[in-house]
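Topology and contacts: notes
Below are the chains, spelled out letter by letter.
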2 protein chains.
Amino acid sequence: MARMAKVVELPSIAKINKSQGKISAQLTQALREAVQSGDLQPGDPLPSSRELAQTLGVARGTIIEAYDQLLAEGVFDSQARTGTYVSHALAKKTTQHSQKETIPSVIPLTKSALSYAQVLKEFKPLPHTPFAVSVPIGRTQPSDIWRKFGNKFRSRGAGVPSGYGEPQGVLSLRVAIADYVRRSRSVHCEPDQIVITPGIQQSLYICSQILFEPKDEVWIEDPAYRGTTAIFEHAVQNIRMVRVPVDEEGIQVETGIKLSKHARAAFVTPSHQYPLGMPMSLARRTALLAWAKQQNAWIIEDDYDSELRYNGQPFPSLQGMAPDQVIYLGTFSKVLFPSLRLGYAVLPKELVAPFCGLRVLIDRHPPAADQHVLAAFIQEGYLERHIRRTRNVYAEVREYIIGLIEKYIPQELAWLQPGDQGMHMVLWLAHHINDIEVASSALDAGIAIKAISPTFSKEQQRPGLIVGLGDFEPELMRQAIKKLSEIIQQHGKPT
Amino acid sequence: MARMAKVVELPSIAKINKSQGKISAQLTQALREAVQSGDLQPGDPLPSSRELAQTLGVARGTIIEAYDQLLAEGVFDSQARTGTYVSHALAKKTTQHSQKETIPSVIPLTKSALSYAQVLKEFKPLPHTPFAVSVPIGRTQPSDIWRKFGNKFRSRGAGVPSGYGEPQGVLSLRVAIADYVRRSRSVHCEPDQIVITPGIQQSLYICSQILFEPKDEVWIEDPAYRGTTAIFEHAVQNIRMVRVPVDEEGIQVETGIKLSKHARAAFVTPSHQYPLGMPMSLARRTALLAWAKQQNAWIIEDDYDSELRYNGQPFPSLQGMAPDQVIYLGTFSKVLFPSLRLGYAVLPKELVAPFCGLRVLIDRHPPAADQHVLAAFIQEGYLERHIRRTRNVYAEVREYIIGLIEKYIPQELAWLQPGDQGMHMVLWLAHHINDIEVASSALDAGIAIKAISPTFSKEQQRPGLIVGLGDFEPELMRQAIKKLSEIIQQHGKPT
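Model, not experiment: these values are computed from the prediction.

The rules we used
Residues numbered from 1 in each chain as written. Chains lettered and ligands numbered in written order. Predicted model: local features only at pLDDT ≥ 70, side-chain atom pairs only at ≥ 80, totals over all residues. Heavy atoms only, no water. Helix = DSSP H or I, 4+ residues; strand = E, 2+ residues; numbered from the N terminus. Rg over C-alpha atoms; globule rule 2.2 N^0.38 Å. Buried < 20%, exposed > 50% of the residue type's maximum accessible area, 1.4 Å probe, protein only. Contact = heavy atoms within 4.5 Å. Areas by Shrake-Rupley, 256 points an atom, 1.4 Å probe, with all protein chains shown as cover. Lys, Arg positive; Asp, Glu negative; His and termini not counted. Charge placed at Lys NZ, Arg CZ, Asp CG, Glu CD. Least-squares fit on C-alpha atoms with pLDDT ≥ 70 in both. Pairing = 2+ DSSP bridges. Right-handed = clockwise from strand over helix to strand, strands pointing away. Salt bridge = Lys/Arg side-chain N within 4 Å of Asp/Glu carboxyl O. pLDDT = per-residue confidence, 0-100. 1 Å grid on protein atoms, 1.4 Å probe; cavity = no way out; pocket = protein on both sides within 12 Å on 5 of 7 lines; lining within 4 Å. Points joined across faces, edges and corners; volume = space filled by probe spheres on them. Nonpolar A, V, L, I, M, F, W, Y, C, P; charged D, E, K, R; others polar. Buried area = accessible area lost by both parts, 1.4 Å probe. Polar contact = N/O pair within 3.5 Å; in protein donor to acceptor, adjacent residues only side chain to side chain. Domains from an automatic or database assignment. Phe/Tyr/Trp six-rings, centres within 6.5 Å; stacked < 30°, edge-to-face > 60°. Axes fitted to C-alpha atoms, helices over the stretch in contact; angles between N-to-C directions. Parallel < 35°, antiparallel > 145°, perpendicular 65-115°, else oblique. Left-handed = near helix turned anticlockwise from the far one by under 90°.

1. Details of the overall build of chain A
- Along the backbone of chain A there are 17 helices and 14 strands.
- In summary, chain A has a C-alpha radius of gyration of 29 Å against a globular reference of 23 Å for 495 residues, an excess of more than 25%.
- Referenced to the eigenvectors of the C-alpha coordinate spread, the extents of chain A come out at roughly 90 × 60 × 50 Å.
- Counting the 495 residues in chain A, one finds 61% classified as buried.
- Put simply, of all contacts in chain A between residues at least 6 apart along the chain, 73% involve residues at least 24 apart.
- Counting every atom, chain A has about 19,400 Å² of accessible surface; 52% of that belongs to carbon and sulfur.
- Positive and negative side-chain charges of chain A, numbering 54 and 50 respectively, have mean locations separated by a distance of 5 Å.

What follows is the structure, given as structure tokens:
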């Protein structure tokens, strides 16, 4: 087979034309321009004259001539051991160049671009301090087994570097999940009804794109997860969101029917209403499914953290009661860790192809290695062990934080609605307090907390804070609650 | 802190109401129904009577009574060592249950759902056999360093399990990429202009959603990557694709201007036209940028495999020539491996927020661990070493396959257009041969090959095959080309 010439990476010299004029002069000019434009920066090494001569197919003397010229100009510098490089003395010049680049473009942004830029502000990740939601810290980190499986499956077998994979995700993980959700959540499905996603967010997005015809209506709980409402505000056209209030039994189905009987779908969080925390009652579940059956509507069951329940039995999933109409969404962000980016959608069979079809256009398929690691982690029972362990930790942290809030925060300004499960609690604020301002002051003081009001429709808005549970140091949490109390009192002063 | 009751996972028994009738009878009924419905399946273990009694808050005798009843009915079985479990004798019954579930739903699918279901068929991943594109096999696999970095960064430091991250991707990787693309591709950017993506596909998708107003037009090369054209066919509304033919110099800018002078953007593959393989000439680059400047149009520069060049110097990127108008897209799917799912978009500054805003709604952010691994792999020089190594391998494989094709495939039926770079070559077929049928027969024979005709507009369609380069065993490749030759001859017979 042919012997390969070593190829040097210097795109700037591509414009050299051997048939036009002296090559060494052209090369000198091209390299000088590359330094001026910033393609080559102070300290960058140049290829040896031998390598470059070979690449360009010219005599080595030609290269040496050009290099000597640039050394003389002070553009290049050279040392015995490291060879020729771009002179450090030029550092100032190239800085000027990058300033030039900051001149704003004149191309006007589209309406959708401006609208997505707004979305981003709301989703800034919180720092990993109390009371960020879902931070795998302290005793809630996955065990050493997770890391060992990672090493094992990456070095041999299924998890090694490989080519393009199935849009639906790897079969072993889908088999493991089908079994897991059946046992823990009464979800009835075959592995071929499961699509592995990067989390619930992508499932919500894809549902918003495939389930609706123009002018359809959709029920969204009020309050609801901003990741759901932001999609319907920004990423779909011609679909009307009908906000349906929730009470202590969950979504008010009767109100939904009054507001929009013919809605095409309902997005609900029956295990643990987001953000309020109560489960949907059996009566409401029955009513919701009866409506859906009568109207041929889809139910999107967002089951983001049902694993973390502190007492009693969970209700079986809606999916188990109506597998042909319910899209069940789960995630490992909450029970394992968010930076894993793995979740799943359980779909009625005829929705699998449409769901995967859009998925292919969005990101082709999930990364392979961690899917194999997770499949083994579930199948060998470690996930359920992990859940049992962390559930106790979260329960402990929850009681500790409840105690702190009772001790430090004046009841007339803020009171808890703890709920029986999940990774967060709601701390309601007195109606005259602006929760967004409180959250912003808290963030400035190093406390990660979110305002609840953006989860409500304008009509239903109430101030409150979403207090995430994480296994931070008790003293750190105590200080944070004390500080938060001060902030709330400051914002709660009569003006 | 409170002592936690052990919670048993049995959602099916949630309906038990302690105030209504005998609890053991209710429990018997609930468990029987759980087995009938498939919530509990043959072989599933039941919790111990002690655990379940504790969870339900009833006497242990109540549980034993119910279990005994179900043991008597043959629904449960028990063994000294493993405790009580669902009887294996019931396997047949639950199979009947799952048959019931296959009854198709009556909810009609939307137009978009039907359309996405069609997309999926075109993106079925090819098996990892010759001549699949981008399969990290043999000498093109990443070195042991990749795996070692994986183990290291996952066990301590930045890559350990963590919470929600930046939508834009981790800073260390963006810094490494900014430096890498400047040196290798003359791309001018700061790390804050880079967004880490799961690959070029997501970048294309997001561009399609943020750059256009309704009724805008867009230039798309003819032929072009199906991942681009499928987006504009299925995932956008009211945007007209204008297919602009390519010739040996790349996209015909003059033709583009004639067809659609006021297009809002042009999607191009200047380093290595996909799928034809030639680079865009300097004259065309200049003309394209002049048009874009005059029309305030965006250029989307898809640079999917410019790293794999076999001789000569690459042209500098379009981005370096007009950083305010060009969106530069890169990926590690080709130079490392596709199952990694990491790529990047280099954006004009004002597009970063809109791009990330939609990204948040699609999948929040990229998985963290591999970003840290890749950052170190690039920063410590291993990526460029890997590229130098695999470039030689691909060059060798390419020459070997060229030789095989010349030897085994009759020139009047099929001829190569090899090109100077990339991971694939085009094997044109005589005009009377149906390339989709050839590819399908090849696949049946275990040969992974793609038809080229779907990359063309209907008007420009020509038959051909996309022959991917991968370091398969030489004998395996020889057999595959011989077999492919037979298939081509069969399909090329006059009928």
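2. Considering the relation of the copies chain A and chain B
- In the superposition of chain A on chain B (RMSD 0.1 Å, axial shift 0.0 Å), the rotation amounts to 180°. Put plainly, the chains are arranged around a two-fold axis. Scanning chain A for the C-alpha nearest the rotation axis identifies A:Asn151, at a separation of 2.8 Å.
- With an isologous cut-off of 70% or more, the 99% of interface residues of chain A that recur at the interface of chain B puts this contact in the isologous class.

3. Overview of the environment of B:Asn311
Residues and elements named next belong to chain B.
- Tracing the sequence through the fold places Asn-311 in the loop between β8 (298-302) and α12 (318-321).
- Owing to a relative accessible area of 43%, Asn-311 belongs among the partly exposed residues under this scheme.
- Between the alpha carbons of Asn-311 and Lys-293 there is a distance of 32 Å; along the sequence they are 18 residues apart.

4. Concerning the sheet that holds strand β12 (residues 424-429) of chain A
Residue and element names in this part refer to chain A.
- Strand order in the open sheet formed by four strands is β11-β12-β14-β13, and the pairing between neighbours is antiparallel. Across the chains shown, the open sheet's two edge strands, defined by having one partner strand only, are β11 (414-417) and β13 (450-451).
- Across five bridges, β12 lies against strand β14 (residues 464-468) in antiparallel orientation. Along β14, the bridge assignment pairs Trp-428 with Gly-464.

5. Describing the pairing of strand β5 (residues 240-247) of chain A
All names here are of chain A.
- By the criterion of burial, β5 is predominantly enclosed, with six of the eight residues buried.
- Sheet analysis places strand β4 (residues 217-222) next to β5, joined by six bridges and oriented parallel. Bridge pairing in β5 links Val-218 to Met-241.
- For the crossover from β4 across helix α9 (residues 226-235) to β5, the handedness is right-handed.
- In the sheet, β5 pairs with strand β6 (residues 250-251) via two bridges, with the strands oriented antiparallel. Directly across from Val-246, in β6, lies its bridge partner Ile-251.
- Joining the antiparallel neighbours β5 and β6 is a turn of two residues.

6. Digging into α9(A)
- A large share of α9(A) lies buried, amounting to nine of its 10 residues.
- Of the positions making up α9(A), those classed as buried are A:Arg226, A:Gly227, A:Thr228, A:Thr229, A:Ala230, A:Ile231, A:Phe232, A:His234 and A:Ala235.
- Buried-residue contacts for α9(A) involve α5 (111-122), α8 (200-210), β4, β5 and β7 (265-268) of chain A together with α13 (349-363) of chain B.

7. Topic: the pattern of salt bridges
- Overall, the coordinates contain 38 salt bridges over all chains when judged by the stated rule.
- A salt bridge links A:Glu475 to A:Arg478, with the nearest nitrogen and oxygen atoms 3.0 Å apart. Residue A:Glu475 and its partner A:Arg478 are both found in helix α17 (residues 474-492); the two are separated by three residues, about one turn of the helix.
- On the basis of relative accessibility, which here comes to 40%, the residue A:Glu475 falls in the partly exposed class.
- Relative accessible area serves as the criterion here: at 24%, A:Arg478 is assigned to the partly exposed category.
- Residues joined by salt bridges that share partners form a network here, namely A:Asp44, B:Asp179, B:Arg182, B:Arg183 and B:Glu384.

8. Some thoughts on the confidence of the model for chain A
Residue and element names in this part refer to chain A.
- On average, residues of chain A score 90 in pLDDT, and 95% of them are at 70 or above.
- Every residue in residues 1-7 scores below 50 in pLDDT, and together they form 16 contacts with partners more than four places removed in sequence or on other chains.
- Here residues 93-102 is a poorly scored stretch, pLDDT under 50, and it has 11 contacts once near neighbours within four places are set aside; other chains count.
- Complex prediction metrics read pTM 0.87 and ipTM 0.87.

9. Description of empty space enclosed by the protein
- Using the criterion set out here, one finds seven cavities of 30 Å³ or more in the structure.
- If you add up the space inside the largest cavity, you get close to 120 Å³.
- Lining the largest cavity we find 15 residues, and of these A:Asp363, A:Pro367, B:Pro198, B:Asp363 and B:Pro367 sit closest to its centre.
- When residues of the lining of the largest cavity are traced back to their parent elements, those giving at least two are α13 (349-363) of chain A together with α13 of chain B.
- Among the residues making up the lining of the largest cavity, the classes are represented as six nonpolar, three polar and six charged.

10. Quick notes on the interface of chain A and chain B
- Tallying the contact residues gives 128 residues for chain A and 127 residues for chain B.
- It is A:Tyr164, A:Gln313 and A:Leu361 that lose the most area in chain A upon contact with chain B, and together they represent 7% of the buried surface on that side.
- There are two salt bridges connecting chain A and chain B.
- Remark: the boundary between chain A and chain B carries 31 residue pairs in polar contact (both at pLDDT 80 or more).
- Looking at the side of chain A that touches chain B element by element, the count peaks at 12 residues for α13(A).

11. Side note on the sheet that holds β8(B)
Residue and element names in this part refer to chain B.
- The sheet built from eight strands is open, its strands ordered β3-β10-β9-β8-β7-β4-β5-β6 with mixed pairing. Bordering the open sheet on either side are β3 (194-197) and β6 (250-251), each of which pairs with just one other strand.
- In the sheet, β8 pairs with strand β9 (residues 326-331) via four bridges, with the strands oriented parallel. Within β9, the residue paired with Glu-301 across the bridge is Tyr-328.

12. So, the domain arrangement of chain A
All names here are of chain A.
- Under the domain assignment used here, chain A contains domain 1 (11-100), domain 2 (143-380) and domain 3 (389-491).
- Computed from C-alpha atoms alone, the centre-to-centre distance between domain 2 and domain 3 is 27 Å.
- In this assembly, 22 residues from domain 2 lie in contact with 22 residues from domain 3.
- When domain 2 packs against domain 3, close to 2,000 Å² is buried across both sides, 54% of that on carbon and sulfur atoms.
- Three residues stand out in domain 2 for area buried against domain 3, namely Leu-276, Leu-308 and Tyr-310, and they jointly supply 32% of the buried area on that side.
- Summed over the shared surface of domain 2 and domain 3, the number is 10 residue pairs in polar contact (both at pLDDT 80 or more).
- Among the residues forming the side of domain 2 that touches domain 3, the class breakdown is 10 nonpolar, five polar and seven charged.

13. Considering the packing of aromatic side chains
Residues and elements named next belong to chain A.
- Tallied over the full model, the rule gives 29 aromatic pairs over all chains.
- With centroids separated by 5.6 Å and ring planes inclined at 80°, the aromatic side chains of Tyr-274 and Tyr-304 adopt a geometry described as edge-to-face. One end of the pair, Tyr-274, is in the loop between β7 and α11 (282-295); the other, Tyr-304, is in the loop between β8 (298-302) and α12 (318-321), and 30 residues separate them in sequence. Across the pair, exposure class does not vary: Tyr-274 and Tyr-304 are buried alike.

14. Here we look at the packing of helix α2 (residues 49-56) of chain A against helix α3 (residues 60-73) of chain A
All names here are of chain A.
- The N-to-C vectors of α2 and α3 enclose an angle of 120°; their axes lie 8 Å apart at closest approach. Considered as vectors, α2 and α3 are oriented oblique to each other. The hand of the α2/α3 crossing is right-handed. On α3, the residues that touch Ser-49, Arg-50, Leu-52, Ala-53 and Leu-56 of α2 are Arg-60, Ile-63, Ile-64 and Tyr-67.
- When grouped by side-chain class, the residues that make up the contact of α2 with α3 number six nonpolar, one polar and two charged.

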